[in-house]
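Spelled out from the first residue to the last, the chains are:
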Protein chains: 2
Amino acid sequence: MKVGVLYSGGKDSSIMAVILKRMGFTVELLTANFGVYDSYISASKSAEALNFPHNVLNLDKNILKKTVDIIVEDGFPNNGIKYIHSKAIEEIATIYPIIADGSRRDDKTPKLDKDQIRSLEDRNNVQYINLHGFGFRTIETIASDLFEISYEKSYKKSSSDYEVEIRSLIEEEGYLSKDFFPEHHQSRVIGFK
Amino acid sequence: MKVGVLYSGGKDSSIMAVILKRMGFTVELLTANFGVYDSYISASKSAEALNFPHNVLNLDKNILKKTVDIIVEDGFPNNGIKYIHSKAIEEIATIYPIIADGSRRDDKTPKLDKDQIRSLEDRNNVQYINLHGFGFRTIETIASDLFEISYEKSYKKSSSDYEVEIRSLIEEEGYLSKDFFPEHHQSRVIGFK
């Protein structure tokens, strides 16, 4: 059973990948990229450290442009992140029969609701799996038990979140990315304990 | 990390138990019983076949009585099942720091919504885990890959669902349980493949 997991190198998507592997799936990790910045490098290092095959999911730069438009229009990132994530999920649904991401119970965004999940599964004849059964504290518990983790200020070299390329394009368009993304610390999985 | 898993011997709660064990938790399985019928025996056999420790969670018969009242009043079981499950979950939340059940994404009942989960976790200072990240088809995929399963008509000896004792008490009270529970096939995990 092959499963494609949208992967950022963070705790959530790393736990999703490990659960699926330990339950017998053949796991392949995929990190979205829109050709603006090589933000997938961090995730590819995490994937290698955890012994998972990793590929870059090359997506149309226009998706990133529309994401930036949404965020600049809104003044905050939630709807833009939701949009870009749904596009990435739709893309891997055309490639793998089973797909997954690391969204958890208390995530606000990116998150597919129940109707979106049903639609995604039915239109593409895929199965979609995520971490909605796990809350923040449980993810922390599992991650600290399983992984070596580095915590760094969110910046380009330590993250493969959508945020990296979104911020790059926002800056290219003459805005200040810090007006839309508050500074926060980024955790990255750097290996098993 | 010790976790108490509400366990029926079915596919869902068996998969939840296996995921948690494979992620490093010390798993203990618990089957609710209200003193009306020894419905836990089927689950204890499944637990043994999967090499998990298993205990009976003895609960107040008045919970079962109220459940039957709700179901007879409604004419259908959903709200009653929701009630009895929430009582069982509340009980194990007083015993274990981390608790889990096998409810999955497309279950209608028993299922805690997001607000109920937050309340459960905050009031009891526990972490609650379930299978909301997995849909029906994925559960079937995993179960058929992992487990030997027996399929039988739902009857007393092959199930440890709440339904068994509810039906017993409904009959004791002079009703026909088939007026409330449609006949359906019951799957039970009888070992690993």
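Preceding this section is the structure that the text describes.
Presented here is an overview of the structure given in this document. (Residues numbered from 1 in each chain as written. Chains lettered and ligands numbered in written order. Predicted model: local features only at pLDDT ≥ 70, side-chain atom pairs only at ≥ 80, totals over all residues. Heavy atoms only, no water.)

### Digging into the relation of the copies chain B and chain A
Stated formally: Copy-to-copy alignment: least squares on C-alpha atoms, limited to residues at pLDDT 70 or above in both.
When chain B is fitted to chain A, the residual RMSD is 0.0 Å, and the transformation amounts to a turn of 180° plus an axial shift of 0.0 Å. Both copies are brought into coincidence by an operation consistent with a two-fold rotation axis.

### Some remarks on the side chain of Glu 121 of chain A
Put simply, the rule is: A run of H or I in DSSP becomes a helix once it reaches four residues, and a run of E becomes a strand once it reaches two; helices and strands are each numbered from the N terminus. Polar contacts, as counted here, are pairs of nitrogen or oxygen atoms within 3.5 Å of one another; within protein the pair requires one atom able to donate a hydrogen and one able to accept it, and residues that are adjacent in sequence qualify only if both atoms are side-chain atoms. Contact between two residues is taken to exist if any of their heavy atoms lie within 4.5 Å; hydrogens are not considered.
As for its placement among the helices and strands, Glu 121 of chain A is situated in helix H5 (residues 114–124). A polar side-chain atom of Glu 121 of chain A sits 2.8 Å from the main-chain amide nitrogen of Tyr 128 of chain A. In contact with Glu 121 of chain A, not counting residues within four places along its chain, are Val 126, Gln 127 and Tyr 128 of chain A together with Arg 105 of chain B.

### Focus: unusual backbone geometry
Residues and elements named next belong to chain A. Where we set the bar: With a 1.4 Å probe rolled over the protein chains alone, any residue whose accessible area is under 20% of its type maximum counts as buried; one over 50% counts as exposed, and the rest are partly exposed.
Unusually for a residue other than glycine, Asn 51 sits at a positive phi of about 65°. Mapped onto the elements, Asn 51 comes out in the loop between helix H2 (40–49) and strand E3 (54–58). Given the relative accessible area of 56%, Asn 51 is considered exposed.

### Here's the deal with the sheet that holds strand E1 (residues 2–6) of chain A
Residue and element names in this part refer to chain A. For clarity, the cut-off: By the convention used here, strands pair only if DSSP detects at least 2 bridges between them. Orientation is described by axes fitted as lines to C-alpha atoms, over the contacting stretch for helices, and by angles from 0 to 180 degrees between their N-to-C directions.
With respect to topology, five strands assemble into an open sheet ordered E3-E2-E1-E4-E5, the strand pairing being parallel. Sheet topology places E3 and strand E5 (127–131) at the edges, where each strand pairs with a single neighbour. Across this sheet, the average inter-strand angle for adjacent strands is 30°, counted without regard to direction. Relative to strand E4 (residues 98–104), E1 is paired through three bridges, and the arrangement is parallel. Residue pairing across strands places Gly 4 opposite Ile 99, the latter belonging to E4. Sheet strands in contact with H2 are strand E2 (26–33) and E3, and its direction is about 155° off that of E3. With respect to the sheet, H5 is in contact with E4 and E5, its orientation differing from that of E5 by roughly 145°.

### Considering the sheet that holds strand E5 (residues 127–131) of chain B
Residues and elements named next belong to chain B. Within the open sheet, the five strands sit side by side as E3-E2-E1-E4-E5. Their pairing is parallel. The open sheet has two free edges, formed respectively by strand E3 (54–58) and E5, since each of these has just one partner strand. The sheet shows a mean angle of 30° between the axes of neighbouring strands, direction not considered. Of the strand pairs in this sheet, strand E1 (residues 2–6) and strand E2 (residues 26–33) are connected by five bridges, and their pairing is parallel. Looking at E2, one finds that Leu 6 is bridged to Leu 30.

### Quick notes on helix H7 (residues 162–172) of chain B
Residues and elements named next belong to chain B. Counting buried positions along H7 yields eight of 11 residues, so the element is predominantly enclosed. Taken together, the buried positions of H7 are Tyr 162, Glu 163, Val 164, Glu 165, Ile 166, Ser 168, Leu 169 and Ile 170. Those residues of H7 hidden inside the fold are in contact with E1, E2, helix H3 (61–74) and helix H4 (78–92). Phi turns positive, to about 95°, at Gly 174, one or two residues after H7.

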